[in-house]
Amino acid sequence: MLKVCVCLVFWFGQTFGVIYQLNETEYERLPRLFELENYEKCMEDPGGIYCVANLDLYADSKNDLYTLIQEYSEFTLKHYNYSRIDRGVCVTRTCKSYASNAGLDINRDLREILEGCLNETLVNKYDIMARVLNMNCVSEKNKDQLNLDYTDYIFLGVFIILVVLSLVGSYCEIYSNDKNNELKHKKGVSANDVLLCFSIPRNYKGLTTIAESEPRVNVFKSVHAFRTIVTFFTVNCHVVFMIGNSFSADPHSFEKAYEYVLGRISFSGTNIVQVFFFSTGMLLTYFMQVSTETRQVTWNLIPKIIFMRWWRLTPSAAMVVAFSATWMRHLASGPLWDFHITHGSSAQCRQFFWAHVLYFNNYIPEDTFCVLQTWYIAADMQLFIVGVLIHFAIRNRSTRFRITTLTVLLLLAMASPALHVWWMDIDAFVMLKPETHRTLSDANFRKMHVLGHNNLSGFIIGLAAGYLVYYLQQKKLEYPNFKIGSFICWCSIPLYILVVYCGSLFYIDGEQSSIALRMLYAGTNRALVGLIGIFWIVGATLKFNGMSQAVMEWRGWVLPSRLSYSVYLLHYIFIDLSLGIRTQLTPVCFYNTFLISVGVFVVTYVVAVPFHLLIEAPTMKLIKLTSSENTEKKIN
Ligand SMILES: *[C@@H]1O[C@H](CO)[C@@H](O)[C@H](O)[C@H]1NC(C)=O
Ligand SMILES: *[C@@H]1O[C@H](CO)[C@@H](O)[C@H](O)[C@H]1NC(C)=O
Ligand SMILES: *[C@@H]1O[C@H](CO)[C@@H](O)[C@H](O)[C@H]1NC(C)=O
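Residues numbered from 1 in each chain as written. Chains lettered and ligands numbered in written order. Predicted model: local features only at pLDDT ≥ 70, side-chain atom pairs only at ≥ 80, totals over all residues. Heavy atoms only, no water.

> What exactly am I supposed to notice about the pattern of salt bridges here?
Pairs may arise between side chains of opposite charge once their charged atoms sit close together. For the structure shown, the criterion picks out 21 salt bridges. With its nearest N and O atoms 2.6 Å apart, the salt bridge here joins Glu24 to Lys256. Here Glu24, found in helix α2 (residues 24-27), pairs with Lys256, found in helix α13 (residues 251-256); they are 232 residues apart in sequence, far enough to count as distant. Look at Glu24 and you get partly exposed, because its relative accessible area is 38%. Measuring nitrogen to oxygen at the nearest pair gives 2.9 Å for the salt bridge that ties Asp427 to Lys433. Of the residues examined, Lys433 reaches a relative accessible area of 15% and is grouped as buried. Within this structure, Arg84, Asp86, Glu435 and Arg438 form a network of salt bridges that share partners. (Salt bridge = Lys/Arg side-chain N within 4 Å of Asp/Glu carboxyl O. Helix = DSSP H or I, 4+ residues; strand = E, 2+ residues; numbered from the N terminus. Buried < 20%, exposed > 50% of the residue type's maximum accessible area, 1.4 Å probe, protein only.)

What follows is the structure, given as structure tokens:
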């Protein structure tokens, strides 16, 4: 009986034991998580074949080391899964003797050879067996073949048309003699007007001149600063994917980053994107109200408003997705290229291109890799439509009715993520665990974070902010001597960090936190970001934000902010590229990561200038052309 008990305890201990930390000596016992043999050397051999394999480790139940691996991997919050390892092997060199011993032919039985050879190595060294889950091979013969298909030609065609249009447009701009062009044709839109939308000098001027806006709109100047800062942190967060993804040189150091407060805080800040949703909502209701001052606004306008938004966003986004779907896969090659690009992001972009253009991609769970960050653009579009409908429904109602509606909606919006947590028993927010970095998929991310309706809370507070600012301006209220308010405005960024710090407490060792706590944080964290935002903007309206305003309303923020949409779209291409072209393990060093982030940020800005001039600026000009024509018609 005693024996049975002991056995049971032992068995339980074996299955449910979780190891939170290992010291270096213990950690060294585990098989390395990632290894890459030299790829370039392998490709120098005639007929060389290089394979990258994802292995699943297994052993019989009494294996000590295997138990250690399982118990260590069980703590998924801060540890990689060590029973799944990745190996890059030069099959024609390393597995040569295995193949000849087993009497197998390298060109025919590649999978068998790779599996057998890796299994043999692991059995000899660790007494652990391995089977291949996934493999991807590059051979010296077909390394640099370029197989273009019709989609590549379509993309190229569109690109050439854009370049030609902008050249012709610039030519017209520079050499056309009638300088008083603008005065001459008031009726309709001529071909010349359309061409001038593509003119590079004109668009460049538009990008770089900061015109004096209406005084009351100055309240929103700080949006530029917030947009730029949030874009930088988004880039930074995505660069960390590069380090934490497979084939990093020192996975243990990466895991240790979770032990530091600063590391945990930066792994918890995914709700920063609410700043964008907040400002979309705020600008939406504010400018809707401004436009009712000068013209009749009816329900018939809704399709037009939505189309204008769609048109403003889509050509740029579609070009980036189309590039990822087509030419991106021909840019380079390497052992990881097929996995990350050809069969990863490119393949998914081809499959789900339609969803990206219709802004539905965030509701497709399989669409994980294709220009990862575009989920935000889809969610933003969905929320914009909801926002327009809400505005039209409540615009002529009493203030009280509006407040009640928005409050009810806010409560519903806060309930939604909390209910998701409850139903699916997931984390409170996207916790960037090691395996999340490795596979870029996470239950919370796909099932909650990216869905439009779960991001409503920040957005609805934004809608309210738009009404509030307009109302305060109408009443001409000012309150510049509000000292505490001024202090809180200074603290808006520290306050945000405090919110994130609360989230980072979910990273403590031990059992997963209770469901109530998770629901509480999931429900409130987005709204808290919105509340900080609304406090800031009210401060700017009532002018009690003092000197903090001078920092955030600096003119220098305007230019980077104008490019931020392009930068947001483009930066991930560089990250995808560097994931794909790796042939060596990525060093894990946080100083390095910071430098890479700054590098990606700057390079993306440089690329964003021509991108903006070729695609984004012309689309904005074109839509202005049609709308100015319409207003003229109305006035006549
Ligand atoms: C590491 O941990 C093991 C087991 O807990 C222990 O025996 C060993 O002395 C430790 N090594 C160091 C360097 O602390
Ligand atoms: C680790 O990966 C293996 C193989 O994919 C899987 O069976 C196992 O459940 C994973 N372990 C954890 C703790 O997720
Ligand atoms: C790995 O090697 C062991 C021992 O040689 C063998 O029993 C096992 O079947 C092999 N596993 C695979 C997947 O080839």
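> What is the right way to read the site of ligand 3 from this model?
If you check the shell around ligand 3, you find Tyr58, Glu115, Asn119, Val123, Met129 and Ala130 and nothing else. Within the side chain of Tyr58, a nitrogen or oxygen atom sits 3.1 Å from a nitrogen atom of ligand 3. One nitrogen or oxygen atom from the side chain of Asn119 is found 2.3 Å from an oxygen atom belonging to ligand 3. Taking 360 Å² as the accessible area of ligand 3 by itself, protein coverage stands at 48%. Broken down by secondary-structure element, the contributors of at least two residues to the shell around ligand 3 are α7 (110-126) and β4 (129-139). Looking at the shell around ligand 3, the element that brings in the most residues is α7, giving three residues. Broken down by class, the residue content of the shell around ligand 3 amounts to four nonpolar, one polar and one charged. (Near = heavy atom within 4 Å. Polar contact = N/O pair within 3.5 Å; in protein donor to acceptor, adjacent residues only side chain to side chain. Areas by Shrake-Rupley, 256 points an atom, 1.4 Å probe, with all protein chains shown as cover. Nonpolar A, V, L, I, M, F, W, Y, C, P; charged D, E, K, R; others polar.)

> Could you clarify how one ought to interpret the sheet that holds strand β1 (residues 34-36) in this entry?
Either a parallel or an antiparallel arrangement is found when strands of a sheet pair, and the pairing is made through backbone hydrogen bonds. Here we have four strands laid out as an open sheet, ordered β1-β3-β2-β4, and mixed in their pairing. If you trace the sheet from one side to the other, it starts and ends with β1 and β4, each paired once. Averaged over all neighbouring strand pairs, the angle between strand axes comes to 15°, with direction disregarded. In the sheet, strand β2 (residues 49-58) pairs with β4 via ten bridges, with the strands oriented antiparallel. Each residue of the ladder has a partner; that of Val52, found in β4, is Asn136. (Pairing = 2+ DSSP bridges. Axes fitted to C-alpha atoms, helices over the stretch in contact; angles between N-to-C directions.)

> What's the story with the pairing of strand β3 (residues 84-90) in this structure? I'm lost.
Side-chain direction in a regular strand flips from residue to residue, so the side chains alternate between the two faces of the sheet. For β3, the tally of buried residues reaches six of seven residues, placing the bulk of the element in the interior. Examined bridge by bridge, β1 and β3 share three bridges and lie parallel to one another. Note on β3: the bridge partner recorded for Phe34 is Asp86.

> Sorry if this is basic, but what is going on with the state of the cysteines here?
Each disulfide consists of a covalent bond between the sulfur atoms of two cysteine residues. Taken as a whole, this structure holds four disulfides when the rule is applied. Two residues, Cys51 and Cys137, share a disulfide whose sulfurs are 2.0 Å apart. Linking Cys51 and Cys137, the disulfide has an S-S dihedral of approximately 105° and is accordingly described as right-handed. Here Cys51 is found in strand β2, whereas its partner Cys137 is found in strand β4, with 86 residues between them in sequence. A residue is classified by how much of its surface remains accessible, and Cys137, at 24% relative accessible area, is partly exposed. Disulfide partner of Cys95: Cys117, at an S-S distance of 2.1 Å. Since a negative S-S torsion denotes a left-handed disulfide, the Cys95-Cys117 link at about -65° is left-handed. Remark: Cys117 occurs in helix α7 and Cys95 occurs in the loop between α5 (91-94) and α6 (96-102); sequence separation between them is 22 residues. Of the two residues, Cys95 and Cys117, neither departs from the other in class, the shared state being buried. (Disulfide = S-S within 2.5 Å.)

> I'm lost on the site of ligand 1 in this one. Help?
Neighbouring residues of ligand 1: Asn23, Thr25 and Glu26. Between ligand 1 and the protein, one listed contact pairs a nitrogen atom with a side-chain N or O atom of Thr25 at 3.2 Å.

> Just checking my understanding: could you explain the packing of aromatic side chains for this structure?
Aromatic ring pairs: the centre-centre distance and the angle between the two ring planes describe each pair. Scanning the entire structure with this criterion turns up 42 aromatic pairs. Ring centres 5.9 Å apart and planes at 90° place the aromatic pair Phe34 and Tyr80 in the edge-to-face group. In this pair, Phe34 is assigned in strand β1 and Tyr80 in the loop between α4 (64-74) and β3, connecting sequence segments 46 residues apart. Considered together, Phe34 and Tyr80 belong to a single accessibility category, that of buried residues. Aromatic rings pair up to connect Phe34, Tyr80, Phe247, Phe254, Tyr258, Phe267, Phe429, Phe506, Tyr507, Tyr521 and Phe590 into one cluster. Over the ring of Phe384 we find Arg309, and its NZ or CZ is 4.6 Å from the ring centre. (Phe/Tyr/Trp six-rings, centres within 6.5 Å; stacked < 30°, edge-to-face > 60°. Lys NZ or Arg CZ within 6 Å of the ring centre and 35° of its normal.)

> Any chance you could explain a nonpolar patch on the surface here in plain terms?
A cluster of nonpolar side chains, Tyr591, Phe594, Leu595, Val598, Val602, Val603, Val606 and Val607, forms an exposed patch at the surface whose accessible area comes to about 700 Å². Along the chain, Phe594 falls in helix α30 (residues 590-635). (Patch = residues over 30% accessible without salt bridge, like charges linked within 9 Å, V, L, I, M, F, W, Y side chains within 5 Å.)

> Can you help me understand the confidence of the model for the chain in this one?
Low-confidence regions, as indicated by low pLDDT, have predicted coordinates that should not be scrutinised in detail. With 94% of its residues at a pLDDT of at least 70, the chain reaches an overall mean of 87. For residues 1-15, every residue scores under 50 in pLDDT, and the model assigns this stretch five contacts once sequence neighbours within four places are set aside. Predicted confidence is poor over residues 630-636, with pLDDT under 50, and the contacts of this stretch with residues over four places away or in other chains come to four contacts. (pLDDT = per-residue confidence, 0-100. Contact = heavy atoms within 4.5 Å.)

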